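Single-letter residue listing:
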Amino acid sequence: MATKELRLFTAGWGKKCKEKDFLEVLQKACEENSEWTFTKLDIDVLEDEDDYDGEIPTKVPTIHVVVHGKIEEQLNGKEEIMTNIEMTLSAY
């Protein structure tokens, strides 16, 4: 089990969540930092599931930087995520 995880929260109604350049930046950042796993979660689905015990953000896209099962950092919005993702991953 990975100890470092990047959780991207999206929604079907979130236009920024679907932009190809955005997803490519995140996937590339995780590939370059191989100790990280990348998980994409749809908040519309999560809200209907009782088995998800994490915090579900209300704004999308949102990223939770999870280290050893604990949310260490949260980035909100495409611009903040794209600007800070590489620095954030290398900080942990």
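Report on the accompanying structure. For clarity, every value in this text was computed on a predicted model and none was experimentally measured.

Thoughts on the overall build of the chain
If you tally the helices and strands in the chain, you get three helices and four strands. Overall, the chain shows an N-to-C arrangement of helices and strands of β-α-β-α-β-β-α. Relative to the compact-globule value of 12 Å for 92 residues, the chain shows a C-alpha radius of gyration of 12 Å, a close match. Judged by the C-alpha coordinates and their principal axes, the chain covers about 35 × 30 × 15 Å. Within the span of the chain, comprising 92 residues, buried residues form 41% of the whole. Contacts in the chain between residues far apart in sequence, at least 24 positions, make up 62% of those at least 6 positions apart. In the chain, the 11 positive side-chain charges and the 21 negative ones have mean positions that sit 7 Å from each other.

A look at helix α1 (residues 20-32)
Residues spaced three or four apart along an α-helix face the same direction, because each turn holds 3.6 residues. For α1, built from 13 residues, the straight-helix expectation of 18 Å at 1.5 Å per residue is met to within 8% by its first-to-last C-alpha distance of 18 Å. Listed in full, the buried residues belonging to α1 are Phe22, Leu23, Leu26, Ala29 and Cys30. One face of α1 carries all of its buried residues, which in axial projection span an arc of 130°. Facing away from the buried side of α1, by more than 90 degrees, are the exposed residues Lys20 and Glu31. Buried residues along α1 sit in contact with β1 (4-10), β2 (36-42), β3 (62-67) and α3 (78-91).

Some remarks on the sheet that holds β3
Taken in spatial order, the four strands make up an open sheet running β2-β1-β3-β4, and their pairing is mixed. For this open sheet the edge positions go to β2 and β4 (70-76), each flanked by a neighbour on one side alone. Ignoring strand direction, the axes of neighbouring strands in this sheet form an average angle of 20°. Taken together, the six bridges between β1 and β3 define a ladder with antiparallel strand orientation.

Quick look at the pattern of salt bridges
Scanning the model with the defined rule gives five salt bridges in all. Its salt-bridge partner being Glu35, residue Lys4 comes within 3.9 Å of it at the nearest N-O pair. Residue Lys4 is located in strand β1, and its partner Glu35 is located in the loop between α1 and β2; the two are separated by 31 residues in the primary sequence. Two residues, Arg7 and Glu5, come together in a salt bridge whose shortest N-O distance is 3.2 Å. Summarising the burial analysis for this pair, Arg7 and Glu5 share the class buried.

Quick look at the nonpolar core
In globular proteins that are soluble, nonpolar side chains generally tend to be buried together. One finds Leu6, Leu26, Ile63 and Ile85 to be the most contacted residues of the largest nonpolar core, which totals 15 residues. Counting residues per element, the ones that place at least two in this core are β1, α1, β3 and α3. Counting residues per element, this core draws most heavily on α1, which supplies five residues. Ile85 has contacts with Leu6, Val25, Leu26, Ala29, Ile63 and Leu75, leaving out every residue within four places of it along the chain. In this structure, Cys17, Ile43, Tyr52 and Val60 belong to the second largest nonpolar core, which totals eight residues.

Basis of the calculations
- Residues numbered from 1 in each chain as written.
- Predicted model: local features only at pLDDT ≥ 70, side-chain atom pairs only at ≥ 80, totals over all residues.
- Heavy atoms only, no water.
- Helix = DSSP H or I, 4+ residues; strand = E, 2+ residues; numbered from the N terminus.
- Rg over C-alpha atoms; globule rule 2.2 N^0.38 Å.
- Buried < 20%, exposed > 50% of the residue type's maximum accessible area, 1.4 Å probe, protein only.
- Contact = heavy atoms within 4.5 Å.
- Lys, Arg positive; Asp, Glu negative; His and termini not counted.
- Charge placed at Lys NZ, Arg CZ, Asp CG, Glu CD.
- Expected span 1.5 Å × (residues − 1).
- Arc of directions from axis to C-beta.
- Pairing = 2+ DSSP bridges.
- Axes fitted to C-alpha atoms, helices over the stretch in contact; angles between N-to-C directions.
- Salt bridge = Lys/Arg side-chain N within 4 Å of Asp/Glu carboxyl O.
- Core = buried A, V, L, I, M, F, W, Y, C linked by side-chain atoms within 4.5 Å.

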